[in-house]
Amino acid sequence: MATENLIPQIRFPEFNGNWEIKEFGNLYDFKTTNSFSRDNLNYENGSVKNIHYGDIHTKFNAQFDITKELVPFINEDIDVSKINDESYLIEGDLVIADASEDYADIGKAIEIINLNDEKTVAGLHTLLARKKSEDIAIGFASFILKTNRVRLAVMKIAQGSKVLSLSANRFAKIDLHLPKPDEQTKIASFISKIETQIQLLEKEKALLEKYKRAISKKIFNQEIRFKDDSGNDFPDWEEKVLGDICTKKSSNISANILEKNSGEYKLYGANGLFKCIDFFEENDEYISIVKDGAGIGRVMLCDAKSSVLGTLDIIKPNEGVDLGFLFSVLLSIDFKKYGIGSTIPHIYFKDYKKQKISIPKKEEQEKISNFISSIEISILNIESRLIQSRLFKKSLLQKMFV
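Structural notes, computed from the coordinates.

Cut-offs used in this document
Residues numbered from 1 in each chain as written. Predicted model: local features only at pLDDT ≥ 70, side-chain atom pairs only at ≥ 80, totals over all residues. Heavy atoms only, no water. Helix = DSSP H or I, 4+ residues; strand = E, 2+ residues; numbered from the N terminus. Rg over C-alpha atoms; globule rule 2.2 N^0.38 Å. Contact = heavy atoms within 4.5 Å. Areas by Shrake-Rupley, 256 points an atom, 1.4 Å probe, with all protein chains shown as cover. Lys, Arg positive; Asp, Glu negative; His and termini not counted. Charge placed at Lys NZ, Arg CZ, Asp CG, Glu CD. Phe/Tyr/Trp six-rings, centres within 6.5 Å; stacked < 30°, edge-to-face > 60°. Buried < 20%, exposed > 50% of the residue type's maximum accessible area, 1.4 Å probe, protein only. Lys NZ or Arg CZ within 6 Å of the ring centre and 35° of its normal. Polar contact = N/O pair within 3.5 Å; in protein donor to acceptor, adjacent residues only side chain to side chain. Core = buried A, V, L, I, M, F, W, Y, C linked by side-chain atoms within 4.5 Å. Pairing = 2+ DSSP bridges. Axes fitted to C-alpha atoms, helices over the stretch in contact; angles between N-to-C directions. Salt bridge = Lys/Arg side-chain N within 4 Å of Asp/Glu carboxyl O.

1. Here we look at the overall build of the protein chain
Of regular secondary structure, the protein chain possesses ten helices and 22 strands. Taken over the C-alpha trace, the protein chain has a radius of gyration of 27 Å; the compact-globule value for 402 residues is 21 Å, which it surpasses by more than 25%. Taking all contacts inside the protein chain whose residues are at least 6 apart in sequence as the whole, residues at least 24 apart take part in 73%. Counting only carbon and sulfur atoms, one obtains 49% of the accessible surface of the protein chain, whose full area is about 21,500 Å². In the protein chain, the 56 positive side-chain charges and the 60 negative ones have mean positions that sit 3 Å from each other.

As C-alpha cells, then:
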C-alpha cells in the first residue's frame, strides 16, 4: 500500500518515490521456540546452540554473526531430537526478546546474518520470526526495528507490570515503512559499516583499558619501576596508610536547593557531571569519592572551580603527594569492603583512611602519573570517537527511515 509523504530526510540519490507500509505479519511468520533456562546450557560441549533472551538484551549485535558471538550449547543430556526442523534458525530470521523488566529492552531483536552451518535455536522468552516475503531484504530488519517509530510501537503493545511481555499476534500488527529491497540493501550496508567502526572502537577501548589495569597493577606492585632524569634508580617506596597522604573535606550541597540554579561552574554527582551552577567551592583540581548509595567508592578527578553534591567527599593530596598519583592509588582500592549499611550503603573516611599503601618519592609519583595519564588520554580520545559514531548512527536511524 503506497502512502504519500513517506520519504526519508536523507536518501541515496539514485532512489526516489514513496516508501510503502507493510504489516510485520505480512513479511514474517512466527515459528516455535524452546523454554530452556540457563541451567540447561553450557559453553563447552553440545551439538545445538541456543539463543538466550538475556544475551539479546546484553551481548549480541543486532546483525548476528555466530562466528563473532559467544553462544551457549544445549546440555548434551537433553534430547534435541524432539526439536522441530522448522525451529532451527536460518539466515534472515529475527529472534526477538519477548520479556523484559523495562521498556528499553522489550522487543530487542537480532537478525541472523551468518550461522556458519551451526545448528542453532531460539530459546526461552523469545519470538522467532521467519521471512516469508521478498519485500524485505536480509540485513534491513535489524535496523528498522531500532528506529524510534518502531520502538514506540513495540512499547505500546508490551503488556505487564513488573515484567513486560510481547505476543506474536500483537507484534504481527506493527507497521513497517519500507523502500524497495535494493534501497533497503544499500541502507543496511551503509549503516553496517558504521556499526563495524563502532565495534572496532569498542574493542580498541576495551584492550586499552585492560592494558591500563594490567600495567597499573605491575607499577603499584613495584614490578615496574621508573628511573630519574639521570637514569638512576629512585629510592625505595615507603609503607604508609591512606590517611597519611591525603585529607578529606565534606560538601553540604543539596540537589534540591539548586533546581533552578544555572551557571558556568561544574557540579559533580555520583555519576559524573550533575549540572552547571553559578558558584564553585573548590579553586583547584581535586578528587571526589562517592560515599553514599550503590556507587560507593567511585572516584573522579574533578576540574578546578567546581563543586560536588553532599553524597560525595572531596579528597586532596597532602604536601609531597602528586594529585594524579593519588587518583591512581584510589582507583586501585576496593572501597566496597568498607561499606556499612544494606539499604543505603555508606563509607567513612575514618575507616578507609587506614588502608595500607606504598608510595614513592614525588618525582617518581609524577612519572607514574604522567605515564598512566597518557593511557587515559588515549582512552578518552577513543571514547570521544565512539560517542561521535554512536550519535551519527542514531541520526541515520532517524533520518534515513520514515
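Back to the text.
2. Focus on the packing of aromatic side chains
Evaluated as defined, the whole model comprises 14 aromatic pairs. Pairing Phe 24 with Phe 30 gives two aromatic rings, centres 5.9 Å apart and planes at 35 degrees, and the pair type is tilted. Summarising the aromatic geometry, the rings of Phe 349 and Tyr 352 are spaced 5.4 Å apart at their centres and angled 90 degrees between planes, so their arrangement reads as edge-to-face. Taken together, the positions of Phe 349 and Tyr 352, both in helix α9 (residues 349-352) and three residues apart, correspond to about one turn of that helix. Side by side, Phe 349 and Tyr 352 carry an identical accessibility label, which is buried. Across from the ring centre of Phe 12, 5.0 Å away, lies the NZ or CZ of Lys 186, which sits over that ring.

3. Some details on the environment of Ser 250
Here Ser 250 shows up in strand β15 (residues 246-250). A polar atom in the side chain of Ser 250 sits 3.1 Å from the side chain of Lys 248.

4. Structural notes on the nonpolar core
Counting residues in hydrophobic clusters, the biggest one holds 42 residues, and the most contacted among them are Phe 171, Leu 176 and Phe 401. Those elements giving two or more residues to this core turn out to be α1 (24-27), β7 (94-97), β11 (126-131), α3 (141-144), α4 (148-157), β13 (175-178), α6 (181-220) and α10 (362-399). It is α6 that contributes the most residues to this core, six residues altogether. Setting aside anything within four residues of it in sequence, one finds Phe 401 in contact with Pro 8, Trp 19, Phe 140, Phe 143, Ile 144, Thr 147, Ile 187, Ile 191 and Leu 396. Among the nonpolar cores identified, the runner-up in size contains 33 residues, and Trp 237, Ile 245, Leu 323 and Leu 330 belong to it.

5. Looking at the sheet that holds strand β18 (residues 286-290)
Ordered in space as β15-β21-β18-β19, the four strands form an open sheet in which the pairing is antiparallel. Only two strands of the sheet have a single neighbouring strand rather than two, namely β15 and β19 (299-302). When the angles between neighbouring strand axes are averaged without regard to direction, this sheet yields 30 degrees. By the bridge criterion, four bridges tie β18 to strand β21 (residues 312-317) in an arrangement that is antiparallel. What sits directly across from Ser 288, in β21, is Ile 314. Where helix α8 (residues 323-331) meets the sheet, it contacts β15, β18, β19 and β21, and its direction lies at approximately 165 degrees from that of β19.

6. What about the pattern of salt bridges?
For the structure shown, the criterion picks out 29 salt bridges. Notably, a salt bridge pairs Glu 118 with Lys 49, separated by 2.9 Å at the nearest N-O pair. Taken together, the residues span a long stretch of sequence, with Glu 118 in the loop between β9 (109-114) and β10 (120-122) and Lys 49 in strand β4 (residues 49-51) at a distance of 69 residues. The buried category is assigned to Lys 49, whose relative accessible area is 12%. Put simply, Glu 223 and Lys 218 hold a salt bridge, and the shortest N to O gap is 3.5 Å. Residue Glu 223 is classed as exposed on the basis of its relative accessible area of 52%. Salt bridges sharing common partners tie together Glu 20, Lys 22 and Asp 135.

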